[in-house]
Amino acid sequence: MKREFTSYPVIDFLKTKFQMLDFGKKFGIFCFLDNHNYQFNKTYECIAGVGSIKSILLSKDNTFQHFDHFLAQNREWLFGHIAYDVKNEIEDLQSLNFDGVQFPDLHFFVPEIVLMLTVTELQIGVYSTHKADIIFQEINNSVNEETFIDGLVYFKSRFAKDEYLSTVKKLQEHILRGDCYEINFCQEFY
């Protein structure tokens, strides 16, 4: 079975982008990669993997060995993530950070549908060419961008502002003392 791509003209890029998001939200698995108009040598503004034909979810131990096996069996489009703590399998490190999101350490999937958007074109990749026309119609019939732009989304940080600034100051002191030369400080938003 080979994935076939069909191209469709895009008249209103921003509207189509939000319609893709609206289309994808009805699937249990949906990954949307957005370039946000960043100017570099790029081919696509947005790429999405929609739905799942096969997937791999791993938490702890032999993550890369299992993932290598999955990759060998699925020479195809894959979307997903590898969590920060997988580093513990490569280096002798341990993290004891709070995990409020609780994503698996590794999750990749072979999408049912691949969507690739440029300013002028939407490519739809599926295993059945006639299905691409139906998907294009469904995307076009999705809500328009005002639904998303007017809606407000609120994020909370795991750190209060004062706690965050205090932690950054302590990290700067570690660097100045020579305890380390580089720090990757992350915080969770939910």
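See the structure printed just above.
Residue indices begin from 1 for each chain and proceed along its sequence in written order. A pLDDT threshold of at least 70 governs which residues receive local features in this predicted model, and a stricter bar of 80 or more applies before side-chain atom pairs are shown or counted, although totals over entire chains, interfaces and linings include all residues. Computation of side-chain values covers all heavy atoms of the structure but excludes hydrogens and water.

## Digging into the packing of aromatic side chains
When the centres of two rings from Phe, Tyr and Trp lie within 6.5 Å, Trp using its six-membered ring, the rings pair. Their planes under 30 degrees apart give stacked, over 60 give edge-to-face, and anything left gives tilted. One pass over the full model with this rule turns up 10 aromatic pairs. Following the ring pairs from residue to residue traces out a cluster consisting of Phe 5, Trp 77, Phe 79 and Phe 109.

## Details of helix α1 (residues 13-24)
In an α-helix there are 3.6 residues to a turn, and that puts residues three or four apart on one side. Between its terminal C-alpha atoms α1 stretches 17 Å, which fits the 16 Å expected from 12 residues at 1.5 Å a residue. The cut-offs for exposure are 20% and 50% of the maximum accessible area for each residue type, with area from a 1.4 Å probe on protein chains only; residues under the lower value are buried, those over the upper are exposed, and the others partly exposed. Going along the chain from the N terminus, every DSSP run of H or I of four or more residues is numbered as a helix, and every run of E of two or more is numbered as a strand. Where burial is concerned, most of α1 is hidden: nine out of the 12 residues are buried. If you check which residues of α1 are buried, you get Phe 13, Thr 16, Lys 17, Phe 18, Gln 19, Met 20, Asp 22, Phe 23 and Gly 24. The length a helix should cover is 1.5 Å for every residue beyond the first.

## A few points about the side chain of Gln 123
Along the polypeptide, Gln 123 turns up in strand β8 (residues 121-126). Of the residues examined, Gln 123 reaches a relative accessible area of 14% and is grouped as buried. In protein, a polar contact means a hydrogen-donor-capable atom and an acceptor-capable atom, both N or O and within 3.5 Å, with residues adjacent in sequence counting only if both atoms are side-chain atoms; elsewhere, any N or O pair within 3.5 Å suffices. A polar side-chain atom of Gln 123 sits 3.2 Å from a polar atom in the side chain of Glu 121.

## With respect to the environment of Gln 73
Within the fold, Gln 73 resides in helix α2 (residues 63-73). The class for Gln 73 is exposed, based on a relative accessible area of 52%. The spatial distance from the C-alpha of Gln 73 to the C-alpha of Asp 105 is 20 Å, given a sequence separation of 32 residues. At 3.2 Å, the side chain of Gln 73 forms a polar contact with the side chain of His 69.

## Examining the environment of Ile 124
Examined against the element boundaries, Ile 124 turns out to sit in strand β8. On the accessibility criterion, Ile 124 (0% relative accessible area) is buried. Counting along the chain gives 14 residues from Ile 124 to Val 110, while the straight-line C-alpha distance between them is 15 Å. Here a residue-residue contact requires only that any non-hydrogen atoms of the pair lie within 4.5 Å. Every residue in contact with Ile 124, bar those within four places of it in the chain, is listed here: Glu 4, Phe 5, Thr 6, Tyr 8, Ile 113, Val 114, Leu 115, Ala 132, Ile 135, Phe 136 and Ile 139.

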